[in-house]
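Each chain, letter by letter, is given below.
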Amino acid sequence: MMLQLTHIRLLVSNFKDCFLFYRDVLGFQIDWGDENSWYAELHTGDNVKLALFRKELMAEAVPSAYQPSAIECHNKVALVFAVDNVDELYQHLKEHNAIIVTQPQDRPAWGLRTAHFRDPDGNLIEIFSNLGTVG
């Protein structure tokens, strides 16, 4: 049996704002869907799709009796993106009123420069570049 990761699907409460954020602020091209649909697939540049799906529609498919309880203050997932310049994208995100979590900082133990922010639905996103490269 072979398992192949094909999608990372974010289950979001505010589909339209999340769609516009990923398309307009982060600049992802859309493979399927639009801001008025209930599902969208974003082109990530490789074989794995980033998908957005209205949370309540997934709840219809997977009854809540089968879902673990969630502690709202803990992150359950983080999307991590390699970028050419952390500081440049961080400034772009600030200018578009993104929810900033951490400012750009070098993390020598990781060998990375990182910054963190949230999408309109509260999902944690990390951007990074390798130390020794630009930004």
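Relevant structure appears above.
Small disclaimer: the values here were computed from a predicted structure and weren't measured.

Thoughts on unusual backbone geometry
- One non-glycine residue, N97, lies in the positive phi region at around 55°.
- Locating N97 in the fold gives a position in the loop between helix 3 (86–95) and strand 6 (99–107).
- Among the residues examined, N97 registers a relative accessible area of 67% and is labelled exposed.

Things to note about the environment of D31
- Structurally, the position occupied by D31 is in strand 2 (residues 29–32).
- A C-alpha to C-alpha distance of 9.6 Å links D31 and T44, two positions 13 residues apart in sequence.
- Contact partners of D31, with chain neighbours within four places excluded, come to E41, L42, H43 and K49.

Some remarks on the layout of surface pockets
- One number sums up the size of the second largest pocket: a volume of about 160 Å³.
- Forming the walls of the second largest pocket are I8, T44, D46, V48, K49, L50, L79, V80 and F81.
- For the lining of the second largest pocket, the secondary-structure elements that each account for two or more residues are strand 4 (49–54) and strand 5 (78–82).
- Sorting elements by how many residues they give to the lining of the second largest pocket places strand 5 first, with three residues.
- Grouping the amino acids of the lining of the second largest pocket by side-chain chemistry returns six nonpolar, one polar and two charged.

Quick look at the sheet that holds strand 8 (residues 124–130)
- Taken in spatial order, the four strands line up as 5-8-7-6 in an open sheet, and their pairing is mixed. Every interior strand has two partners, whereas the edge strands, strand 5 and strand 6, have only one. For this sheet, the mean inter-axis angle between neighbouring strands, taken without regard to orientation, is 15°.
- Taken together, the six bridges between strand 6 and strand 7 (residues 112–118) define a ladder with antiparallel strand orientation.

Observations regarding the sheet that holds strand 2
- The mixed open sheet is built from four strands, whose spatial order is 1-4-3-2. Each having just a single partner strand, strand 1 (7–12) and strand 2 make up the two edges of the open sheet. Each strand of the sheet is rotated relative to its neighbour by a mean of 30°, with strand direction disregarded.
- Direction of pairing for strand 1 relative to strand 4: parallel, over a ladder of six bridges. Bridge assignment links R9 to a residue of strand 4, and that residue is A51.
- Most of the contacts of helix 1 (residues 15–25) go to strand 4, to which it runs at about 160°, and overall it touches strand 1, strand 2, strand 3 (39–43) and strand 4.

Calculation rules
Residues numbered from 1 in each chain as written. Predicted model: local features only at pLDDT ≥ 70, side-chain atom pairs only at ≥ 80, totals over all residues. Heavy atoms only, no water. Helix = DSSP H or I, 4+ residues; strand = E, 2+ residues; numbered from the N terminus. Buried < 20%, exposed > 50% of the residue type's maximum accessible area, 1.4 Å probe, protein only. Contact = heavy atoms within 4.5 Å. 1 Å grid on protein atoms, 1.4 Å probe; cavity = no way out; pocket = protein on both sides within 12 Å on 5 of 7 lines; lining within 4 Å. Points joined across faces, edges and corners; volume = space filled by probe spheres on them. Nonpolar A, V, L, I, M, F, W, Y, C, P; charged D, E, K, R; others polar. Pairing = 2+ DSSP bridges. Axes fitted to C-alpha atoms, helices over the stretch in contact; angles between N-to-C directions.

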